[in-house]
Amino acid sequence: MESNIANKMSTDIYTRLDVSSDKEFVIRLKTKVNDWANNIPHHPFKNLGDNIKVRSVNKMPCYTVSVETQLEKRDKRYNETPYTGGSLPERTIYDISQVNVWDEALKSVTNFTNINYNYEKNGSQFIKDCSRCGAKGYIACQSCGGAGTWKCSNCGGTGQTTCTTCNGDGKKECYSCRGSGTITEDKYCYQCGGTGRDKADRESGSYSLGGHCSYCGGAGRNKETKSCTSCGGRGYDTCYNCSGRGKVSCRKCSGEGYITCSACGGKGRETCPTCLGAKQLMEYIQIKQNFRSKTNQNYLVDSTVSKLFPEFISNKNNLPRINLFNTTKNSLSTNDAPQGTLLDGCIEAVIERSKNDRDSYEKILFQELNIIKINTWVLEYSFNGHIYQILFHGSNYEIIQGKSPITEFQKTIYSDAQSAIHKKSYRKARKLLKKCEDINDPRQADKVSNSLFKVEDKIEAAYRFGNSLAYRMAFLIFGLLSYVYYKDINYVFNWFDFVNNPTNFLHDIHPWAMTLVTSFFILVFTRKTDDKSINLFGYKPNAPMRFALGFLTNLIYASLITSIFLLLNFTGLTFIISFIAKVVLWIIGIIIGLIVLVYQIIAWFFGLFF
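Residues numbered from 1 in each chain as written. Predicted model: local features only at pLDDT ≥ 70, side-chain atom pairs only at ≥ 80, totals over all residues. Heavy atoms only, no water.

(A) Seen up close, the state of the cysteines. One pass over the full model with this rule turns up zero disulfides. Sulfur of C166: no disulfide; nearest cysteine sulfur belongs to C242 and is 3.6 Å away. With no disulfide of its own, C346 has C62 as its nearest cysteine by sulfur position, at a separation of 9.7 Å. Exposure remark for C346: the relative accessible area of 11% places this residue in the buried category. (Disulfide = S-S within 2.5 Å. Buried < 20%, exposed > 50% of the residue type's maximum accessible area, 1.4 Å probe, protein only.)

See below:
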């Protein structure tokens, strides 16, 4: 069967076959060109196929030669695992050199796959003491080195730190004498009774004699210096924080000088990570089996196709194809493939690459050779004095456009769009770029997409500016109007009229609560509405109009939000908002009061000692 296919292939393999003489086929392709051109909008070349002059039609098949290879790799190494009990097979293998991994009866595969397996070689198992822990099942804690504790980094292991109140001095300057050891008191003069006159003046009751008290010099007061009774004349008090020692107990280690190791809980040891506490290990020879599949590929096509239609080459694996040849062998050679065709060199190169592109320890289990054909035709035609090519592929003659009158026309539209961008006519540029996008030339797609994104961003900027200004103004204006309404007007149902009574506990808070809630919702729902403006009004022709519409959109949203809250307030449903606001204020007041109280207590406490 393969021989017959090979013989047939020897005559069917070609890269170019002129079929221009097949008039019926040419007409069929021109009809396809008509259908293709008529399905593309925004160009003047409808029924293009009827207006072209066919220069040639060549069948240029694309051939793909692929070899899929299933590889197997085996490896061996010593491995060990904690021994938890149980019997072992009799040991017959004492060295890894006794094991030939390729002699082992392991799993096999019949399909291409990627999977790994690990095996334990029977007869190689034996028990040994864990050398890591000396068969104890535990090792010294890696964190504390077996001590069970860490030296406290805060106190250096002493358990004490310098007192921050006296800076280690053990003394605190006396608050009464400020360190002088004495106190000067200003008292009434006991000689003159504070009058400042001598005895003769006092007895006469007249100041005419001009006698001043000799003891106070006429001041009526005397300054008396005496030893400070608070510190006993020392000028300092014993530090209340450290009781004069200059040191306090370390808070980090609670005065112990060390901290219990969190890793081992103070035990100084941890479970051996090698034997996991089992004390013994089972050592054995492990065989690793790795299956890996890979594909090597090459293709043959006329240079006209690869040069003019690069998108065909990049997508060739996804296009309809015909399977010309398939064979699976344990190891492929060129003798297993068709001989005497244009594909001989391609086949030989792929087979050779499939054998070399592998690890030296990998074995080839089996290989599959596939030869695939994609029928392709290139029609060359002239139109308005220019020569173009178009590619057809598959049984339905699907089209991949190369350079064509339509793509040339798209370039003209794109150029006009760039001119419009330069003139800041962004709406016109967007319209032209959307036409380019609809024409959809793959070679221009990225360029068109990037330009369209930038243009639409410029157009939306006017909406964004209008929206931004409006939501700020709405926040202020509607907030102010809301406050005035809720404070001075506030129409409500009778059952809710109590909120307008100045003696009611919600009367003062209601206008503020409703204003803040209304303003909050205006801020949230009008902050980002440029998309809504575009959806409502589209891409209007000039920036002032887009700005105005963006501004108007936000004002409408703000008006709707304000109206909704007015209606809710009229029914009295907003009672809950005011009530919650009042409760929040109460809570805030309580918190502030507590903070003030705590502050005063602390200030009083420090006043006792400092």
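(B) Structural detail: the pairing of strand β19 (residues 376-383). Burial within β19 is extensive, with seven of its eight residues counted as buried. Bridge count for strand β2 (residues 53-59) against β19 is six bridges, and the pairing is antiparallel. Bridge assignment links N58 to a residue of β19, and that residue is V378. Bridge analysis of β19 against strand β20 (residues 386-393) gives eight bridges, and the strand direction is antiparallel. Bridge pairing in β20 links T376 to H393. Hairpin geometry of β19 and β20 is characterised by an intervening segment of two residues between the two adjacent antiparallel strands and by a positive phi of about 55° at N384. (Helix = DSSP H or I, 4+ residues; strand = E, 2+ residues; numbered from the N terminus. Pairing = 2+ DSSP bridges.)

(C) Molecular detail of the layout of surface pockets. In this structure, the largest pocket spans a volume of roughly 160 Å³. In terms of lining residues, the largest pocket is bounded by T161, T162, T164, T165, N241, V248, S249 and R251. Those elements that place two or more of their residues in the lining of the largest pocket are β8 (160-162) and β13 (247-249). (1 Å grid on protein atoms, 1.4 Å probe; cavity = no way out; pocket = protein on both sides within 12 Å on 5 of 7 lines; lining within 4 Å. Points joined across faces, edges and corners; volume = space filled by probe spheres on them.)

(D) Structural detail: the environment of F409. For F409, the location among the structural elements is in helix α7 (residues 405-422). For F409, a relative accessible area of 27% translates into the label partly exposed. Considered as a pair, F409 and H43 are 366 residues apart in the sequence and their alpha carbons are 7.0 Å apart. Setting aside its immediate chain neighbours within four residues, F409 contacts H42, H43, P44 and F45. (Contact = heavy atoms within 4.5 Å.)

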